[in-house]
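Now for the letters of each chain:
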Amino acid sequence: MITLALSKGRIFEETLPLLHAAGIEVLEDPEKSRKLILTTNQPDVRVLVVRATDVPTYVQYGGADLGITGKDTLLEHGSEGLYLPLDLQIAKCRISVAVRADFDYASAVKQGSRLRVATKYVAISREFFASKGVHVDLIKLYGSMELAPLVGLSDAIVDLVSTGNTLKANHLVEVEHIMDISSRLVVNQAALKLKQAPIRRIIDAFAAAIGH
Ligand code: AMP
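Residues numbered from 1 in each chain as written. Predicted model: local features only at pLDDT ≥ 70, side-chain atom pairs only at ≥ 80, totals over all residues. Heavy atoms only, no water.

What about the overall build of the protein?
We count it as follows: A helix here means a DSSP run of H or I that spans at least four residues, while a strand means a run of E at least two residues long, and both kinds are numbered starting from the N terminus. Exposed residues in this analysis have more than 50% of their type's maximum accessible area, buried residues have under 20%, and partly exposed residues fall in between, with area computed by a 1.4 Å probe over protein chains only. Contacts are residue-level and defined by heavy atoms, with any inter-residue pair within 4.5 Å sufficient. Accessible surface area values rest on a Shrake-Rupley calculation with a 1.4 Å probe, where residue burial reflects the displayed protein chains alone.
What the protein contains, in helices and strands, is 9 helices and 11 strands. Across its three principal directions, the C-alpha atoms of the protein cover 60 × 35 × 30 Å. The buried share of the protein, reckoned over its 212 residues, is 44%. Sequence separation of at least 24 residues holds for 66% of the intrachain contacts in the protein that already meet a minimum separation of 6. For the protein, the accessible area works out to roughly 10900 Å², and carbon and sulfur atoms hold 52% of it.

Let's talk about the nonpolar core
The condition that has to hold: Definition of nonpolar core: a set of buried residues of the types Ala, Val, Leu, Ile, Met, Phe, Trp, Tyr and Cys, connected through side-chain atoms within 4.5 Å.
By size, the foremost hydrophobic cluster in this structure holds 28 residues, and its most contacted members are Leu66, Ile68, Leu88, Leu185, Ile199 and Phe206. The set of elements that each furnish at least two residues to this core consists of strand 1 (2–6), helix 1 (10–21), strand 3 (45–49), strand 4 (66–70), strand 11 (183–188), helix 8 (189–194) and helix 9 (196–209). If you tally residues by element for this core, the top one is helix 9, at 5 residues. Sequence-distant contacts of Ile199, that is, excluding residues within four places in its chain, are made with Ile2, Asp65, Leu66, Val187, Ala191 and Leu192.

Quick word on the layout of surface pockets
We count it as follows: Cavity: a set of points on a 1 Å grid over the protein atoms alone where a 1.4 Å probe fits but cannot get out. Pocket: an open set with protein on both sides within 12 Å along at least five of seven lines, its lining residues, like those of a cavity, having an atom within 4 Å of a point. Grid points are joined across faces, edges and corners, and a volume is the space filled by probe spheres set on the points. Gly counts as polar in this scheme, as do all residues outside two lists: the nonpolar Ala, Val, Leu, Ile, Met, Phe, Trp, Tyr, Cys and Pro, and the charged Asp, Glu, Lys and Arg. Those domain boundaries reflect an automatic or database domain assignment.
Roughly 670 Å³ of internal volume is contained in the largest pocket. Considering the residues around the largest pocket, the lining is formed by 28 residues, among which Ala52, Asp72, Thr73, Lys120 and Tyr121 are closest to the centre. Elements that contribute at least two residues to the lining of the largest pocket include exactly helix 1, strand 4, helix 3 (71–77) and strand 9 (156–161). Considering every element that reaches the lining of the largest pocket, the biggest residue donor is helix 3, with 4 residues. For the lining of the largest pocket, the class distribution of residues is 10 nonpolar, 9 polar and 9 charged. Looking at which domains feed residues into the lining of the largest pocket, each of domain 1 (2–91 + 182–209) and domain 2 (93–181) supplies at least three.

Things to note about the pairing of strand 4
Note the threshold: Pairing between two strands is assigned when DSSP locates at least 2 bridges connecting them.
Of all 5 residues in strand 4, 5 are buried; the element is thus mostly enclosed. Neither face of strand 4 is exposed, since Leu66, Ile68 and Gly70 on one face and Gly67 and Thr69 on the opposite face are all buried. Examined bridge by bridge, strand 1 and strand 4 share 2 bridges and lie parallel to one another. Note on strand 4: the bridge partner recorded for Ala5 is Gly67. In this sheet, strand 11 lies alongside strand 4 in antiparallel orientation, the contact comprising 5 bridges. Residue pairing for strand 11: Gly67 is matched across the bridge by Val186.

Regarding the domain arrangement of the protein
Note the cut-off: Summed over both partners, the accessible surface that disappears when two parts come together, traced with a 1.4 Å probe, is what is meant by buried area.
Each assigned domain of the protein is listed here: domain 1 (2–91 + 182–209) and domain 2 (93–181). On a C-alpha basis, the centres of domain 1 and domain 2 stand 30 Å from each other. Counting residues at the interface gives 7 residues for domain 1 and 11 residues for domain 2. When domain 1 packs against domain 2, the two sides together hide about 760 Å² of surface, and 55% of this comes from carbon and sulfur.

Re the pattern of salt bridges
Stated formally: Put simply, a salt bridge is a Lys or Arg side-chain nitrogen that is within 4 Å of an Asp or Glu carboxyl oxygen.
Applying the stated criterion across every chain, the model contains 9 salt bridges. Among the ionic pairs, Glu174 bridges to Arg94, the shortest N-O distance being 2.7 Å. Of this pair, Glu174 sits in strand 10 (residues 172–181) while Arg94 sits in strand 6 (residues 93–100), and the two are 80 residues apart along the sequence. On the accessibility criterion, Glu174 (32% relative accessible area) is partly exposed. Residue Arg94 is classed as partly exposed on the basis of its relative accessible area of 22%.

Looking at the site of the ligand
Threshold: By convention in these notes, a residue is near a molecule or strand provided one of its non-hydrogen atoms lies within 4 Å of it. In protein, a polar contact requires one atom able to donate a hydrogen and another able to accept it; more generally it is a pair of N or O atoms within 3.5 Å, and residues adjacent in sequence count only if both atoms are side-chain atoms.
In the vicinity of the ligand, the contacting residues are Arg10, Ala91, Cys93, Glu146, Asp159, Leu160, Val161, Ser162, Thr163, Gly164, Asn165 and Thr166. Taking Ser162, its main chain carries an N or O atom lying 2.8 Å from an oxygen atom of the ligand. Asn165 is positioned such that a nitrogen or oxygen atom in its backbone is 3.5 Å from an oxygen atom of the ligand. In terms of residues, the shell around the ligand owes the most to one element, strand 9, which gives 3 residues.

Shown next as structure tokens:
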């Protein structure tokens, strides 16, 4: 049995064409079903539906043989024990610093004052601001980061940005582009040895589908 861990939403949808290229069709829709283990047209391939931040954990401990997860999640979680064979170039976005349109970010950074930053991405933020020599107080949030500067919880946020519509709708502006993000295939190293042929087949089909 080959088990693939995916999160619902953008990653799931953008993975379907890659699975199709590997001859795998998922037989249930995670948006309609409450099932957490989805069957496929291949009796020996199944898909687990897990929280995006849990994908590396499932693969690391062998609950899944493979998974697909964002570079943001991998940087926060660490990639110890994981084999990362492919950047799948899906679920592309960027991770940025944003502030209220009326907040003078340049002066705040220049004056060396402490910047209050609300984010789900504590590790990425800590490293980014340390590399700039900016002192920050990091406030960990689990969602809706855009709200924090609007109610005075923080001066800035670090969050994923795709179209920029969410920032615009909340009168926030992007002031720093930290890095580009896309999703990677992650593989359990023991599974790669024990189930080499079927896992290699999937890696090779994905690689061919993205033109590698
Ligand atoms: P947008 O309005 O298109 O800029 O999207 C921003 C919102 O979608 C933010 O709340 C982000 O956290 C989320 N988002 C954008 N891109 C991604 C992605 N690739 N994966 C997960 N969440 C994302």
